Amino acid sequence: MNDSAAETTTSPVWQRMLAEAVRDPTALLDALDLDRELLPAAQSAAQLFPLRVPWPYLNRMRRQDPHDPLLRQILPLGAEHHDAPGYEADPVGDGDALQSGGVIHKYHGRALLVATGACAINCRYCFRRHFPYTEVNASTGDWSQALAYLANASSITEVILSGGDPLALTDRRLAALAPALARLSHLRRLRVHSRLPIVLPQRIDKALIDWLTGTRLRPIMVVHANHPAELDAAVAEAMARLQRAGVVTLNQAVLLRGVNDDAATQAALNERLFDIGVHPYYLHVLDPVRGASHFEVSSQEAAAIQRGVSATLPGYMVPRLVREVAGEPAKRWLHW
Ligand SMILES: *Cc1c(COP(=O)(O)O)cnc(C)c1O
Ligand code: SF4
C-alpha cells in the first residue's frame, strides 16, 4: 500500500485525538491523581456545560494540584451554580447581532462567521457557553446562506471564522469555504479564531495549512492561550508550521482569577508567545457570562496588572487590555 492510499483510508491523527478527549469527571480526576472529593461538584457543574479536554492539553497539567492554572480552565466547579448579579446568558449581545447563516456583523469591515458550535475543549469561562448553536445553520456544512450575506455586504474586507471553534470542523467541511470566500472580490483577509493550535496542535497539519494558504486571501490565525504552561514544544512547532507558510499568528487571552491574574504570569505568557513567533493581540477582561463569576478580576485590578506588565516588557509584547461592550463599534480599550 502506498502513502496516498493510506492517506485516504485513515482519519487524520488530530481527529482521533479529538474523539479521545476526556468528558468524564471521574476520568479527569483519576488522570491527574486528584481528590475524589472534587467529584460531586464536577459532575453537577458538567450538567450545566459539559466537561471536555483533549489529552495533549491535559498532559501539560501538574498532577495532584487542584490549583493548576490549566486545570482551573476546564474543571467544572460548584461555583458555576452561583447566579451573580450582572452575569447573563448572552453578555456580548451576539443573539441580537446574529444574521442568517451564522454571520455576526458587528464591526465595520469585519464579519464573524460562527462556523460550528463545537470546540475541542470546553473552557468554563466561555462567553458562548449558553449560545443557541442549534439555531446556527452553517454548522451543517451548508455555507450558502452565510456566503449570500457576505456577497451582499461589500464593505466587508475580512471574514473571521469563529465558533465554537472552526478548526473542530473536518477538512472536508471546511474545504469549499475558503475558495468560495476568495471568489467574493471585496474580501481581502481570512482570519481564523481557534484554540485548537494550543489544545490540540496536531490539528495544524499539512492539509489545514494548504487549505488556509490556498487562496488569494491573506491568512491570519488568532490563537487563544492564557498561561505560559500551555505553550509546550508541540505548540511551538505548530506555530512554526503556520509561520513558515506565511500565516500571521496572534494571540488573545482572557484575564482569569486563579489562572493568570498577576503581572508576572502575564509577562511570562507574552514573552513565551513572542519566543514562538506569536504576537500578543488582546487581553480580554471576562465577559460576564452566567456561571463564570468566580473568574472575575475587577477593572481596577486588571489595570494594575497591565501597568505591571507594561513596566516590564517592550511595548510590542503588551497586548491591548479590552472589554467587549454590546452595541459598541469596536472592543473597548481599557485605560490604565
Ligand atoms: C471581536 C470581534 C471581531 C474582531 O474584532 P477585532 O478588533 O478586529 O479583532 C469581529 N466581529 C465580532 C462580532 C467580534 O466579536
Ligand atoms: S475554545 Fe473558545 S469558544 Fe471554545 S469553549 Fe474555549 S473559549 Fe469558548
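On a predicted model such as this, the values are computed, not experimentally measured, just so you know. (Residues numbered from 1 in each chain as written. Chains lettered and ligands numbered in written order. Predicted model: local features only at pLDDT ≥ 70, side-chain atom pairs only at ≥ 80, totals over all residues. Heavy atoms only, no water.)

Caption draft 1: View of the overall build of the chain. When helices and strands are tallied, the chain shows 15 helices and 9 strands. For the chain, the C-alpha radius of gyration of 20 Å lies close to 20 Å, the compact-globule estimate for 336 residues. Seen along its three principal axes, the alpha-carbon backbone of the chain occupies a region of about 55 × 50 × 40 Å. For the chain, with 336 residues in total, the buried portion stands at 54%. For the chain, restricting intrachain contacts to residue pairs at least 6 apart in sequence, the fraction spanning at least 24 positions comes to 81%. Split by element, the accessible area of the chain, about 14,600 Å² in all, is 52% carbon and sulfur. Taking the 34 positively charged and 35 negatively charged side chains of the chain as two groups, their mean positions are separated by 6 Å. (Helix = DSSP H or I, 4+ residues; strand = E, 2+ residues; numbered from the N terminus. Rg over C-alpha atoms; globule rule 2.2 N^0.38 Å. Buried < 20%, exposed > 50% of the residue type's maximum accessible area, 1.4 Å probe, protein only. Contact = heavy atoms within 4.5 Å. Areas by Shrake-Rupley, 256 points an atom, 1.4 Å probe, with all protein chains shown as cover. Lys, Arg positive; Asp, Glu negative; His and termini not counted. Charge placed at Lys NZ, Arg CZ, Asp CG, Glu CD.)

Caption draft 2: Representation of the site of ligand 2 in the model. Within the structure, ligand 2 sits among C119, I121, C123, C126, G164, R195 and H224. Tallied by class, the residues present in the shell around ligand 2 amount to 4 nonpolar, 2 polar and 1 charged. (Near = heavy atom within 4 Å. Nonpolar A, V, L, I, M, F, W, Y, C, P; charged D, E, K, R; others polar.)

Caption draft 3: Seen up close, the nonpolar core. With 95 residues, the main nonpolar core has L28, V53, M61, I74, L181 and M221 as its most contacted residues. Of the domains in this structure, domain 1 (3-81) and domain 2 (94-333) are the two that each give at least three residues to this core. Once you skip the residues sitting within four places of it in the chain, L181 turns out to touch L147, L150, V159, L187, L190, R216 and L217. (Core = buried A, V, L, I, M, F, W, Y, C linked by side-chain atoms within 4.5 Å. Domains from an automatic or database assignment.)

Caption draft 4: Focus on the packing of helix α14 (residues 263-275) against helix α15 (residues 299-310). Close contact between α14 and α15 brings their axes to 8 Å; oriented N to C, the two are set at 50 degrees. As summarised for this structure, α14 and α15 are arranged oblique, according to the angle between their axes. Pair α14 / α15 crosses with right-handed handedness. Each of A263, Q266, A267 and N270 in α14 lies in contact with α15, whose residues at this interface are I305, G308 and V309. (Axes fitted to C-alpha atoms, helices over the stretch in contact; angles between N-to-C directions. Parallel < 35°, antiparallel > 145°, perpendicular 65-115°, else oblique. Left-handed = near helix turned anticlockwise from the far one by under 90°.)

Caption draft 5: Structural context of the domain arrangement of the chain. The domains assigned to the chain are domain 1 (3-81) and domain 2 (94-333). Each side of the interface is counted separately: domain 1 has 28 residues, and domain 2 has 32 residues. Summing the contributions of domain 1 and of domain 2, the shared interface buries around 2,500 Å²; its carbon and sulfur component is 59%. At the junction of domain 1 with domain 2, the criterion picks out 3 salt bridges. The shortest N-O distance in the salt bridge between D232 and R60 comes to 3.0 Å. Where domain 1 packs against domain 2, one counts 17 residue pairs in polar contact (both at pLDDT 80 or more). Every element with two or more residues in the side of domain 1 that touches domain 2 is listed here: α2 (13-19), α4 (39-48), α5 (55-58) and α6 (71-74). (Buried area = accessible area lost by both parts, 1.4 Å probe. Salt bridge = Lys/Arg side-chain N within 4 Å of Asp/Glu carboxyl O. Polar contact = N/O pair within 3.5 Å; in protein donor to acceptor, adjacent residues only side chain to side chain.)

Caption draft 6: Examining the pattern of salt bridges more closely. A complete count under the given rule lists 15 salt bridges for this structure. One salt bridge connects D65 with R62, and the closest N-O pair in it is separated by 2.8 Å. For D65, a relative accessible area of 16% translates into the label buried. Taking the shortest distance from any N to any O, the salt bridge between R189 and E158 comes out at 2.6 Å.

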